[in-house]
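The lines below spell out each chain.
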Amino acid sequence: MTRLVKEHSFGRKGDGAVAERPVLTIKDLRVSVDGKPIVKGLDLEVKGGEIHALMGPNGSGKTTLSKAIAGHPRYTIDGGEVLLNGVNLLELSPDERARAGLFLAFQYPVEVPGVTVANFLRTALQAIRGEEIGVWEFQELLAEKMKLLEMDESFAGRYLNEGFSGGEKKRSEMLQMALLQPKIAILDETDSGLDVDALKVVGKTVNSMRGENFGALIITHYNRILKHIRPDVVHIMVDGRIIRTGGPELADLVEEKGYDWIRSQVA
Amino acid sequence: MAQLTSLTSRAALEAEARRRGEPDWLREFRLRAWDFALGLDLPSRTDEKWRRTDLTGLDLGRVNPEVPAGAPQEVPEAFAPMVGEGKTLVLRNGVAVRAPEGLPAGVIVTDLETAARQYPDLVQPYLMTQAVRPEESIFTALHAAFFRGGAFVYLPRGAQVEEPIQILTWADGPGAGLLGHTLVVAEEGASARVVEYWASPAMPEGTPHLGVVEILTGPGARIDYSGVQNWGPGVWSFTTRRTKVGRDATVNWLLAEFGGELVRSEQYTALDQEGGEGNLKVLFFASGNQHIDIVAEDLHYPTGRRTVGDIVGRGVLQDQSRVVFRGKGHIMRGAKGSTCFLRENALMLNRGCRADSIPSLFIDDDQVERAGHAATSGKIDEDELFYLMSRGLTRKQATRLIVEGFFKPILDTVELPALRRELESLVDRKLGL
Ligand SMILES: Nc1ncnc2c1ncn2[C@@H]1O[C@H](COP(=O)(O)OP(=O)(O)OP(=O)(O)O)[C@@H](O)[C@H]1O
Ligand SMILES: [Mg+2]
């Protein structure tokens, strides 16, 4: 399995071959937590070049979906498939999924005491690229990305997420994404709790990565982030399923009329 | 006293001391300790302080004061990274194979057997008379009877040693290398940093090590002492360390218990002079089948007014290992205006290991400045692991970062680069990296 992943996903390394356009395919996915079914048969496809938005009421299973895709051990897969360019992610450990090109920006980023942002990011980047990266090369790269994220340089020396404000944690997630250059990113409410300036920065970061080799699923409650990152597709998730899919106008409808209205339309 | 029957006889002990040309007082001291040991039993598990450590199978008859035949005389390879720095004394199987040069006037750093012959007036008044006493336990009594090699560090009044004094102890096999005694004496106003490192290859299961460390400080003196225990597998290590802190003196000590198979490590900060301060940090990393039993106590005696005691215990467990950490602070009646804190944290990397943290604080004086204790032990956080792994780090890499982060607050206090690197490398080796 690991060998397969390498063949499929490390296209950016080596021979200069054109990277395959990424496709994340979710088929009839069912996930439970502590024996309770949360995601109840969900289909979704995100391709390179596309931005999808996923909206849905609290508790509808959005975070469960994203953690399950990323491979958190607490979430049990009861059925279905998650494929990244044909590779079954569900058979991979979380780190193998990341190395295959998946990235999850956490709704609640975890604090890791004693581990500096810089040390962590260099280790992560080396793991993703599968090669040593010199200290100077790394520092230059980090400085460049921190500038993009409008982050103060002192962040590099701070302990990962420890004592970060809510907004700083989200910015730190975006810094990680910008540095690791995933093929498919899931942003779980990265916009929640951000001030207008930070929101712009997130928008700028995602937009800077847009292109054939990058696709994103943006989980959000608010239309405002979608003003910065124009989605191609909007999905509405209720009670573990996608009940409706449409264009950006769907997000406007949600904002205007609420989920109950959409539910009633579907029923 | 069945355990001692295979040990050398009193007559043999006496003959050996004469053969080595030890001064009369030391020979008498050893014989008194021997007689005392004969009357003692091994600690029993009915004794609360020993309840969690099973000594079944311990054979103190295997205590062996001899230098292994044909033992090499050079500095062992393992010490290469550290030997170039500081003022370094290297002991191999109890024999000094390298001595420090260029010490400031009056400062003595030498092996203890030599010191006892050359500087009896400086050694006799302090050797197991003020800090650790032979009568404390069967381990200290036998240690007194049999100690070999060892180190004597003497700082005369006002002496300041800038470079670290390093005492590196290696044992090639059972024998004299596992019977070292460290005696540090700092007279009024003197200061130095002392680094001690004990290491060996694997030994036959149950090979005893009996160690004692004594640190005595005069008024206003300051000693920063670091001690690393990294005996090979198979060693059953019994160590008693005590510092007696002088008036307005400071002892900062950092101990790292990494090696051995069964380890009983006791450290006491005795604060009986006004204004004394003792800060103790104990690091541990237990793996495999290791059993590490740590005692760490701050004792604020009635005469120890305005004394400061602090204990931090911090360590990691993996595999089937077990750690007992018994921290204690005692402010006795009369030790007014004193401060005492205990903190213990254990991090378990898998199921199957076990940490018992037993903190206690006794306050008999009603005018205590500040005192408190806190203890936590828990399994490595699955969400932290997942978060790091979701960025591409393998479980091993993620664990390593978390463990490094866990030790970092303590390692950050280690000023000497070679020591810090060595501690980090010991942690990595434990993690199988
Ligand atoms: N670890 C867990 N233990 C127990 N229940 C859980 C766990 N994780 C999720 N759940 C439950 O699963 C359901 C879906 O939760 P989830 O976090 O996926 O929702 P969400 O759509 O992300 O909500 P929000 O918009 O509030 O972030 C909720 O009822 C939640 O309580
Ligand atoms: Mg959520």
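Predicted model only: the values in this text are computed from it and were never measured.

Check the secondary structure of chain B and you find 9 helices and 20 strands. Relative to a compact globule of 433 residues, whose C-alpha radius of gyration would be 22 Å, chain B shows 21 Å and is just as compact. Dimensions along the principal axes, computed over C-alpha positions, put chain B at roughly 65 × 50 × 50 Å. A burial count over chain B gives 61% of its 433 residues as buried. Counted over contacts in chain B with a minimum sequence separation of 6, partners at least 24 positions apart contribute 82%.

Here we take up the nonpolar core. One finds Leu388 and Leu423 of chain B to be the most contacted residues of the largest nonpolar core, which totals 126 residues. When residues of this core are assigned to their parent elements, the largest contribution, 8 residues, is made by helix α8 (residues 395-411) of chain B. Among the domains, domain 1 (2-381) and domain 2 (382-433) of chain B are the pair contributing at least three residues each to this core. When residues no more than four places from it in sequence are discounted, the contact partners of Leu388 of chain B are Val112, Phe120 and Leu160 of chain A together with Leu393, Ala398, Leu401 and Ile402 of chain B.

Residues and elements named next belong to chain B. Here the domain parsing of chain B yields domain 1 (2-381) and domain 2 (382-433). Computed from C-alpha atoms alone, the centre-to-centre distance between domain 1 and domain 2 is 27 Å. For the pairing of domain 1 and domain 2, the buried interface totals around 2,500 Å² over both sides, and the portion due to carbon and sulfur atoms is 72%. It is Arg314, Ile380 and Asp381 that lose the most area in domain 1 upon contact with domain 2, and together they represent 24% of the buried surface on that side. Residues Arg421 and Glu85 are paired through a salt bridge, measuring 3.6 Å at the closest nitrogen-oxygen approach. Breaking the side of domain 1 that touches domain 2 down by element, the ones donating at least two residues are α3 (80-83), β7 (191-199), β9 (222-230), β11 (250-257), β13 (277-286), β15 (308-317) and β17 (339-348).

We now examine the environment of Trp25 of chain B. All names here are of chain B. Structurally, Trp25 is set in helix α2 (residues 24-38). The class of Trp25 is buried, set by a relative accessible area of 16%. Distance in space between the C-alpha atoms of Trp25 and Ala116 is 9.4 Å, their sequence separation being 91 residues. Ignoring anything within four residues of it in the chain, the contact list for Trp25 reads Ala116, Pro120, Val123, Gln124 and Leu127.

Residue and element names in this part refer to chain B. Taken together, 10 strands build an open sheet; the order of strands is β2-β1-β5-β7-β9-β11-β13-β15-β17-β20 and the sheet is mixed. Lying at the two open borders of the sheet, with one neighbouring strand each, are β2 (95-98) and β20 (370-379). Averaged over neighbouring strand pairs, the angle between their axes works out to 10° when direction is ignored. When β11 meets β13, the two strands line up parallel, connected through 8 bridges. By the bridge assignment for β13, Val251 is matched with Gly278. Along the sheet face, α8 touches β11, β13, β15 and β17 and points at about 165° away from the line of β15.

Next up on the list: the packing of α2 of chain B against helix α6 (residues 138-146) of chain B. Residue and element names in this part refer to chain B. Between α2 and α6, the shortest axis-to-axis distance is 7 Å and the interhelical angle comes to 150°. The element α2 and its partner α6 pack so that their crossing is left-handed. On α6, the residues touching Phe29, Arg30, Ala33, Trp34, Phe36 and Ala37 of α2 are Ile138, Ala141, Leu142, Ala144, Ala145 and Phe146. A class-by-class count of the residues in the contact of α2 with α6 yields 11 nonpolar, no polar and 1 charged.

Before going further, it helps to spend a moment on the side chain of Arg20 of chain B. Residues and elements named next belong to chain B. In this structure, Arg20 sits in the loop between α1 (10-19) and α2. You can call Arg20 buried: its relative accessible area is 15%. Apart from residues no more than four positions distant in its own chain, Arg20 is found in contact with Arg30, Glu113, Arg117 and Arg148.

Ideal values for angles at a metal depend on the geometry: 109.5 degrees with four tetrahedral donors, 90 or 180 degrees with six octahedral donors. All names here are of chain A. Taken together, the protein donors to the magnesium ion (ligand 2) comprise Thr63 (OG1) and Gln107 (OE1), at separations of 2.0 to 2.2 Å. Of this pair, Thr63 sits in helix α2 (residues 62-70) while Gln107 sits in the loop between β6 (102-105) and α4 (117-129), placing them 44 residues apart in sequence. Judged by relative accessible area, which is 15%, Gln107 ranks as buried.

Right, let's get into the packing of aromatic side chains. In total, this model carries 14 aromatic pairs over all chains according to the counting rule given. Aromatic side chains Phe285 of chain B and Phe407 of chain B sit 6.4 Å apart centroid to centroid with 40° between the ring planes, which places their arrangement in the tilted category. With a gap of 122 residues between them, Phe285 of chain B in strand β13 and Phe407 of chain B in helix α8 connect regions that are remote in the sequence. The exposure classification of Phe285 of chain B matches that of Phe407 of chain B, with both residues buried. Following the ring pairs from residue to residue traces out a cluster consisting of Phe106 and Phe120 of chain A together with Phe386 and Tyr387 of chain B. Here Arg224 of chain A stacks its cationic end above the ring of Tyr222 of chain A, 5.7 Å away from the centre of that ring. Across from the ring centre of Phe406 of chain B, 4.6 Å away, lies the NZ or CZ of Arg314 of chain B, which sits over that ring.

Bringing the site of ligand 1 into the picture now. Residues and elements named next belong to chain A. Residues in contact with ligand 1 amount to 17 residues; listed here are only the nearest, Gly59, Lys62, Thr63, Thr64 and His221. Here Gly59 contributes a backbone N or O atom positioned 2.9 Å from an oxygen atom of ligand 1. In the model, an oxygen atom of ligand 1 is placed 2.9 Å from a nitrogen or oxygen of the His221 side chain. Protein contact buries 69% of the 630 Å² of open area that ligand 1 shows by itself. If you list the elements that add at least two residues to the shell around ligand 1, you get β2 (36-47) and α2. Tallied by class, the residues present in the shell around ligand 1 amount to 4 nonpolar, 8 polar and 5 charged.

Residues and elements named next belong to chain A. Across the sheet, which stays open at both edges, the 6 strands sit in the order β6-β7-β8-β3-β9-β10 with mixed pairing between neighbours. Edge positions in the sheet fall to β6 and β10 (241-246), since each has one partner strand and no second. Within the sheet, the average angular offset between the axes of one strand and its neighbour, ignoring direction, is 20°. The pairing of strand β7 (residues 184-188) with strand β8 (residues 215-219) spans 5 bridges and is parallel.

Rules and cut-offs
- Residues numbered from 1 in each chain as written.
- Chains lettered and ligands numbered in written order.
- Predicted model: local features only at pLDDT ≥ 70, side-chain atom pairs only at ≥ 80, totals over all residues.
- Heavy atoms only, no water.
- Helix = DSSP H or I, 4+ residues; strand = E, 2+ residues; numbered from the N terminus.
- Rg over C-alpha atoms; globule rule 2.2 N^0.38 Å.
- Buried < 20%, exposed > 50% of the residue type's maximum accessible area, 1.4 Å probe, protein only.
- Contact = heavy atoms within 4.5 Å.
- Core = buried A, V, L, I, M, F, W, Y, C linked by side-chain atoms within 4.5 Å.
- Domains from an automatic or database assignment.
- Buried area = accessible area lost by both parts, 1.4 Å probe.
- Salt bridge = Lys/Arg side-chain N within 4 Å of Asp/Glu carboxyl O.
- Pairing = 2+ DSSP bridges.
- Axes fitted to C-alpha atoms, helices over the stretch in contact; angles between N-to-C directions.
- Left-handed = near helix turned anticlockwise from the far one by under 90°.
- Nonpolar A, V, L, I, M, F, W, Y, C, P; charged D, E, K, R; others polar.
- Donors = N, O, S within 2.8 Å, 3.2 Å for Na, K, Ca; no water.
- Phe/Tyr/Trp six-rings, centres within 6.5 Å; stacked < 30°, edge-to-face > 60°.
- Lys NZ or Arg CZ within 6 Å of the ring centre and 35° of its normal.
- Near = heavy atom within 4 Å.
- Polar contact = N/O pair within 3.5 Å; in protein donor to acceptor, adjacent residues only side chain to side chain.
- Areas by Shrake-Rupley, 256 points an atom, 1.4 Å probe, with all protein chains shown as cover.

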